[in-house]
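Below, each chain spelled out in residue letters.
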Amino acid sequence: MSMTIDARTDTDAAGTAAPPAGPRRFRVFRYKRGDERPHYETFEVPVGHRTTVFEALRWIQIHRDRTLALRHSCLHASCGTCGVRVNGKEGLACVTMVHDIGREITVEPIANVPVLTDLVVDMREVFERFPDDHPIVRGSEFLDDADTPDGIASYERYEDCIECGLCVSACPVVVTAERYVGPAALAWGERVLEEPRGAEVANLLSWANAPDGVWRCHAIFECTAACPSGVNPAARIMSLRGTLLGRRLRKQPRGSDPT
Ligand code: SF4
Ligand code: FES
């Protein structure tokens, strides 16, 4: 019997033994500082029915090449650090099932962000798209006026965005318009508008209305398709546009700043 990465992967939900799903051929993007250009290396990986892309990459790292560099932290779709492209499609490696993909699996770093080494990218390129004094995730806050069940004093509110950068990777506009602030930052901006918590709304709208802001978006919705966290960046960009247009129609003569 072939050895799989994880014994549980050979058991279905009812506990019935299932035949191993593997092996799979992984074609992995490789690049180290000083290399003239990136290349791909191929590995045969024994997988089970519930093996994730991350587990397969770790298997390669442990059993075939310890120099393979990849990022991860939570392993449950919360931290956003394991984002990659799998057969050209953005996804979180820790929750992307090998079984659903096919026999040949190409894993590459996310796009539109500089590659540091192998599957590791420089995420500063994503964060620098945000206004200077704004973090991508705002601090949580207690909602004292929310209806809560007995025994719970208050709900704590968090943000949905996990800072993975998959929307920036998937955005076809970022490819050609480097200065476009992009879907993650604009989605954040719309979220702040939704619940300003003391933020300077006029400054925010001015930033969103700038030449590299919301009007650069081509409304292709690839960012929304790529987002693993339900943020729906494209809809939020459309909403920001609606807010800007509404203000322009209500308040300002044609061609002036609606903020
Ligand atoms: S909006 Fe979605 S895809 Fe973009 S960084 Fe946030 S969680 Fe990731
Ligand atoms: S390791 Fe945290 S989202 Fe995948």
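All values derive from a computational prediction rather than experimental measurement. Position numbers for residues start from 1 in each chain and track the written sequence from start to end. As a convention, the first chain written is A and the first ligand written is 1, with the rest following in written order. Predicted model: local features are reported for residues with pLDDT of at least 70 only, side-chain atom pairs are reported and counted for 80 or more only, and whole-chain, interface and lining totals are derived from all residues.

Trainee: It is not clear to me how the site of ligand 1 should be interpreted in this structure. Could you clarify?
Mentor: For each residue, a C-beta atom is positioned from the backbone; the residue is called near a molecule or strand if that atom sits within 6 Å of it. Taken together, 16 residues lie around ligand 1, and Cys 161, Cys 164, Cys 167, Cys 227 and Val 231 are the ones closest in. Contributions of two or more residues to the shell around ligand 1 are made by helix H3 (166-170) and helix H5 (182-194). By the criteria applied, helices consist of DSSP H or I runs no shorter than four residues and strands consist of E runs no shorter than two, each listed in order from the N terminus.

Trainee: Please explain the confidence of the model for the chain as it appears in this structure.
Mentor: Fine structural detail should not be taken from predicted coordinates in areas where pLDDT scores are low. Note on scores: pLDDT gives the predictor's confidence for each residue, bounded by 0 and 100. When pLDDT is averaged along the chain, the result is 88; 89% of the residues meet or exceed 70. A pair of residues counts as a contact when their C-beta atoms, built from backbone coordinates, are separated by no more than 7 Å. Below a pLDDT of 50 lies the segment residues 7-19, which in the model reaches 17 contacts outside its immediate sequence neighbourhood of four places, other chains included.

Trainee: It is not clear to me how the sheet that holds strand E5 (residues 104-108) should be interpreted in this structure. Could you clarify?
Mentor: In a beta sheet, neighbouring strands are held together by backbone hydrogen bonds and run either parallel or antiparallel to one another. The pairing criterion is simple: DSSP has to find at least two bridges between the two strands. Pairing is mixed in the open sheet, where 5 strands are placed in the order E2-E1-E5-E3-E4. At either margin of the open sheet sits one strand with a lone partner, and together these are strand E2 (39-45) and strand E4 (89-92). Strand-to-strand twist across the sheet, computed as the mean angle between neighbouring axes with direction ignored, equals 30°. As defined by bridge partners, strand E1 (residues 24-30) adjoins E5 across 4 bridges and the pair is classed as parallel. Across the sheet, residue Phe 26 finds its bridge partner in E5, namely Ile 105. Simply put, an axis is a line fit to the C-alpha atoms, just over the touching stretch for a helix, and the angle between two N-to-C directions goes from 0 to 180 degrees.

Trainee: Would you mind showing me how to read the packing of H5 against helix H8 (residues 233-251) here?
Mentor: Two measures define how a pair of helices packs: the angle their axes make with one another and the distance between the axes. Where H5 contacts H8, the axes come no closer than 8 Å and their chain directions differ by 55°. If you check the angle between H5 and H8, you find them oblique. In the packing of H5 onto H8, the handedness of the crossing is left-handed. Of H8, the residues touching H5 (which contributes Pro 183, Ala 184, Leu 186, Ala 187, Gly 189, Glu 190, Arg 191 and Leu 193) are Pro 233, Ala 234, Arg 236, Ile 237, Ser 239, Leu 240 and Thr 243. Side-chain classes are defined by residue name, with Ala, Val, Leu, Ile, Met, Phe, Trp, Tyr, Cys and Pro counting as nonpolar, Asp, Glu, Lys and Arg as charged, and the others, Gly among them, as polar. Taken together, the residues of the contact of H5 with H8 sort by class into 9 nonpolar, 3 polar and 3 charged. Angle categories are assigned with fixed cut-offs, so that under 35 degrees is roughly parallel, over 145 is roughly antiparallel, 65 to 115 is roughly perpendicular, and the rest are oblique. Crossings are classed by handedness, with left-handed meaning an anticlockwise turn of the near helix from the far one by less than a right angle and right-handed meaning a clockwise turn.

Trainee: I would appreciate a short explanation of H8 in the present structure.
Mentor: Residues lying three or four places apart along an α-helix face the same way, a consequence of the helix completing one turn every 3.6 residues. Given the number of residues in a helix, its expected span is that number minus one, multiplied by 1.5 Å. In this model H8 runs 27 Å from its N-terminal to its C-terminal C-alpha over 19 residues, within 8% of the 27 Å that 1.5 Å per residue would give. Those residues of H8 that fall on the buried side of the exposure criterion are Pro 233, Ala 234, Arg 236, Ile 237, Leu 240, Thr 243 and Leu 244. Residues of H8 that are buried make contact with H3, H5, helix H6 (201-209) and helix H7 (222-226). Here exposure depends only on C-beta density: within 10 Å of a residue's C-beta, 20 or more other C-beta atoms make it buried, 12 or fewer make it exposed, and intermediate numbers make it partly exposed, the C-beta atoms being placed from the backbone.

Trainee: Sorry, what's going on with the environment of Ala 93 here?
Mentor: In this structure, Ala 93 sits in the loop between E4 and E5. Look at Ala 93 and you get buried, because 24 C-beta atoms sit within 10 Å. Along the backbone, Ala 93 and Ala 56 are 37 residues apart, and their C-alpha atoms lie at a distance of 9.3 Å. When sequence neighbours within four positions are dropped, the list of residues in contact with Ala 93 reads Thr 52, Val 53, Phe 54, Leu 57, Cys 82 and Val 84.

Trainee: Is there a simple way to think about H6 in this case?
Mentor: Those residues of H6 not exposed but buried are Leu 204, Leu 205, Trp 207 and Ala 208. Down the axis of H6, the buried set is contained in an arc of 160°. They therefore lie on one face. Where H6 is buried, its residues contact H5 and H8. Summarising the geometry, the arc corresponds to the directions from the helix axis toward the C-beta atoms.

Trainee: Hey, could you run me through unusual backbone geometry in this one?
Mentor: A negative phi holds for most residues other than glycine; trans holds for most peptide bonds. In this structure, Leu 75 is a non-glycine residue whose phi angle is positive, near 65°. For Leu 75, the location among the structural elements is in the loop between helix H1 (53-63) and strand E3 (83-86). In this model, Asn 87 sits at a positive phi of 50°, which is unusual for a non-glycine residue. Inspection of the secondary structure puts Asn 87 in the loop between E3 and E4. For Asn 87, a count of 14 C-beta atoms within 10 Å puts it in the partly exposed group.

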